[in-house]
Structures are given as structure tokens and as C-alpha cells.
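Secondary and tertiary structure notes
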Amino acid sequence: MTRQIRLALRAYGVGGPGQHSLWKDPRIPKNASIDIDWYIAQAKAAEQARFDALFIVDSQFIDATYPPHYLNRLEPLTLLSAVAVHTRHIGLVGTLSSTYNSPFNVARRFASLDHISGGRAGWNVVTSLDSGTSRNYGLDEHLDYATRYGRALEHVQVVRGLWDSYEDDAFPADVERDVFVEPDRLHALNHAGEHFKVAGPLNISRSPQGQPVIFQAGVSEEGRNLAAHVAEGIYAPGGTLAETQAYYADIKRRTAQVGRDPEHVVVFLGANPVVAGTDAEAQRRSREIFDADNDFGRKLAAFGRSFGAYDFSRHDLDEPFPDVSAYAERSGRTRGTEIVRRAREEKLTLRETVLAFTEYAPSPFTGAPETVADTIAEWFAAGAFDGLNLGFRTPDDLERFAGDVVPLLQARGLFRTEYTADTLRGHLDLPVPVNRHTAARLQPVS
Ligand SMILES: Cc1cc2nc3c(=O)[nH]c(=O)nc-3n(C[C@H](O)[C@H](O)[C@H](O)COP(=O)(O)O)c2cc1C
């Protein structure tokens, strides 16, 4: 069978990064980001189009300059639990920070979502970009990269251990024998590591997909290594074809290197397609979208995010780019370092640096439906991604993609026409993890 593309819908409300004016669009309710019916409608539309998953990103730090959607948004697992009861097939992936949550809580919440949804839950593990989040959790400073990602790896290992607390046959609920639970099928974890001490067991059983699917987002060395060790899905940033191919090859190589099957890490590339009747119309629309948010003051404010919400407005715009590397160390080091490097190399002023990093760069998936389907097929064949994590500005845009582009991919055998599974693991062709205690028990004694 032809290898097929995976599709996720990255649902936003009133406008994420770079979309400061979207909330004014009459098709977007002003309370979209906190309106559960808005998300349910989009999840249903994506399910109708046979998408693999609904993907909810998140953050926990704001100031008034942040994008409208960030200012007033629903907590991901609460949101996904509500969506779960209105959908039947689509996967439900929620972003939760390993830096600002404890494993027992995370394990319990995702296991609950997995049961509520009949095996459709996925956890997108992030370490949090915004350093200001620390002050909402009793810490003066955000953790450095080594600690953040060290904690993330141990966090996931503990969560997985907790998800194996019960073996699959733990609850005979046999009235005649008077046995509700088999005590020898329940296991404490007794984890004591560098970052966590967790006794267990977890008070919820395994779900139809065994364990929720682990996603990861974060592209530093540390982030890539975390992905290689534990991720089954990745939300990867977009870029040029060459950049995305390099990232994809690197992830698959690292995964193989740690002894895992590279096919068991599904790379979803972030993309914001612009589809219109003709290529020219789509290009025009793409330019209009850029122009609507091409406001230097906002760009300057958003630029501070990689440097811990640093306030660049205190600097002269026409002086050399200030030395702010230290602020990126505990925030968005990957992008921050790239910004500083380029500014230095090209001797850019602050103004020139902001403009260089925010210049017009249309999505490669811009055009008439045939053009967009061609490009998706080309990039997929060229090893740029396994799937796309798609963002749309309005429900009309999602409808257009679902109605005009998806059928073209289906006609080429590149996308499913019907669901063949009920779980997220099933959609992504990921194996159901065998419970470690069952595996140990069944291990032949040599
Ligand atoms: C494509 C992508 C999506 C991300 N989504 C989120 C998110 O929704 N919430 C969040 O707190 N961090 C998110 N992150 C940030 C990571 O958690 C990470 O902390 C940050 O990128 C810095 O790590 P890095 O240098 O490894 O990328 C995302 C990162 C990438 C690359």
C-alpha cells in the first residue's frame, strides 16, 4: 500500500503569533478562544475530512502584547475532554509542559482523556518557551535547557511507568468469585530519580490504546534527543524544503541510533496553507494576510519572546542589535541564538534584525487546490514530513482545504478515505505498548 500522509488540525481561536488583527474578521466570534462550540465545530469538520488528530497548543505566561488567542484561552485537557464526547474518531492531542506539571497529575489527566475518548489521547510534551512562566509556579527563574530537558525525559518515563500501574486484565469484576480487582495485576512504581520521587500506583486503568501517544515539540539538540528517546509524534516547525528534509532525516537518524524504529516517530510539519481558486488569487490573499499584520511595533514586541519577553523598545532601533544572548539561555535559546548570530554576522541594527526575521515568507502550500496538493505530495515524497499539522485562519479556510485539497490527495492514494481504526495509535500505525509487568511476567525463564 502507498505510504499515506497524516493530517492534524492545529485549532486556534482569535489569532495566534503573527495574527494580531484576525479577531476583527467577522467570521471569527470575538470569544472564539474560550468558546467550546467553536472547537467542537472544527473538530467535527476535521473528522468529517478524516484527519488524524486535533492538536491544541498552549502557554501559561502572558503580558498584554501577546497574541489575542494567548490572552484568553481554554486549558487544553479540559477543552479536549469536551471535544471527545462530540467526536468518535479524531485523535486529541494536548500540549502540557513537563516543566510546570508533576507526572502523577499528567498521567492521571491523560489516562482520563484516553478513557473518555475511547483511546484517542496524545500528550504533546513541551518544556515551555516563556521564561516568565516560572513566576506563576513559585520559581524566580525558568530552568536552564539541561535541567528542563533532563526533567522532561524523566517526566515522560515516570508518566509511562504510572500508565502501566494496572495490567490489562486487572479488573475481572467477577461477582461469583467476589473479585473486583486482581491485586497482583496492580503495581506500584516506586520511582526515585534526579527530578521526581513517585510511589504510585496510578488510580486509573489502561485504555484501549494501552497508553496515550507521546508527542514532542522543541528543536534544540536537547529537544531532538528527547524526541529520539520517547516521542511517537513530533510537531516540527516549518521551513524551506531543504531545512525540513534535514530536520526529518536528523530525527529519524537519532531515533534509529537509540535503537527505536524510525517509523514509530511520526513527524508532523507545522503549515498554514493558503488555498484559493487560482494560484494568483492565493498569492494575492497570502500577501494581504501578511500586510494586515505588518505592524513594526507589534513585531518588535513579539520579537522579545525568544529572550524571555525582553522589552526591545528600550533600545534605539538604529543602533546595532543589542547583546541579549543571555536572556535566551533560559527561554527560546534555539531561535534566540540564531537571531543574535545573524545580527552579528550581517552587522544589523535592531530595526534591520526585526525586519530580517519577519519578512514576507509565503507558505509553500499556497495556491489553487491542485498546486497545493502537488506541493504536499512532492514534499512528502522528498522526505520532508510524515504528516502536516495544519493551521487555518477561519472555518472557511479549513472547509476549503477539506473540500478541495483533501479529495485530490485521496485520489492519489495519499490520504485515507475512511477511518480504519478508532484510536490515535491506530490512525498513526503505532504499536500498542505492551504493559511492562505483563511482559516481565510472560518472559520465558531461561
Ligand atoms: C513547533 C513547535 C511548537 C511548540 N509548541 C509549544 C507550545 O504549544 N507550548 C509551549 O510551551 N512550548 C512550545 N514549544 C516550545 C518548546 O517547548 C521549547 O520550550 C522551546 O521551543 C525551546 O526549546 P527548543 O530550543 O528545544 O525548541 C514549541 C516548539 C516548537 C519547535
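In this report, the structure presented in the accompanying data block is examined. (Residues numbered from 1 in each chain as written. Predicted model: local features only at pLDDT ≥ 70, side-chain atom pairs only at ≥ 80, totals over all residues. Heavy atoms only, no water.)

Examining the sheet that holds strand 2 (residues 53-56)
In space, the 8 strands of this closed barrel follow the order 1-2-3-4-7-8-9-12, with parallel pairing throughout. Pairs of neighbouring strands in the sheet enclose a mean axial angle of 25°, with direction left out of account. As judged from the 3 bridges shared by strand 1 (residues 6-10) and strand 2, these two strands associate in the parallel manner. Opposite Ala8, over in strand 2, you have Ala53 as the bridge partner. Where helix 4 (residues 103-116) meets the sheet, it contacts strand 3 (91-97) and strand 4 (121-126), and its direction lies at approximately 150° from that of strand 4. (Pairing = 2+ DSSP bridges. Helix = DSSP H or I, 4+ residues; strand = E, 2+ residues; numbered from the N terminus. Axes fitted to C-alpha atoms, helices over the stretch in contact; angles between N-to-C directions. Contact = heavy atoms within 4.5 Å.)

Remarks on the pattern of salt bridges
Taken as a whole, this structure holds 35 salt bridges when the rule is applied. Among the salt bridges present, the one from Arg50 reaches Glu418, with a minimum N-O distance of 3.2 Å. Residue Arg50 is located in the loop between helix 1 (36-48) and strand 2, and its partner Glu418 is located in the loop between helix 14 (395-411) and helix 15 (424-427); the two are separated by 368 residues in the primary sequence. Given the relative accessible area of 47%, Glu418 is considered partly exposed. Put simply, Arg287 and Asp291 hold a salt bridge, and the shortest N to O gap is 3.4 Å. Placement of both Arg287 and Asp291 in helix 8 (residues 279-292) is noted, with a separation of 4 residues, approximately one turn of the helix. Here the residues in one salt-bridge network are Glu221, Arg224, Asp250, Arg253 and Arg254, joined through shared partners. (Salt bridge = Lys/Arg side-chain N within 4 Å of Asp/Glu carboxyl O. Buried < 20%, exposed > 50% of the residue type's maximum accessible area, 1.4 Å probe, protein only.)

Any functional reading would require information beyond the geometric quantities listed.
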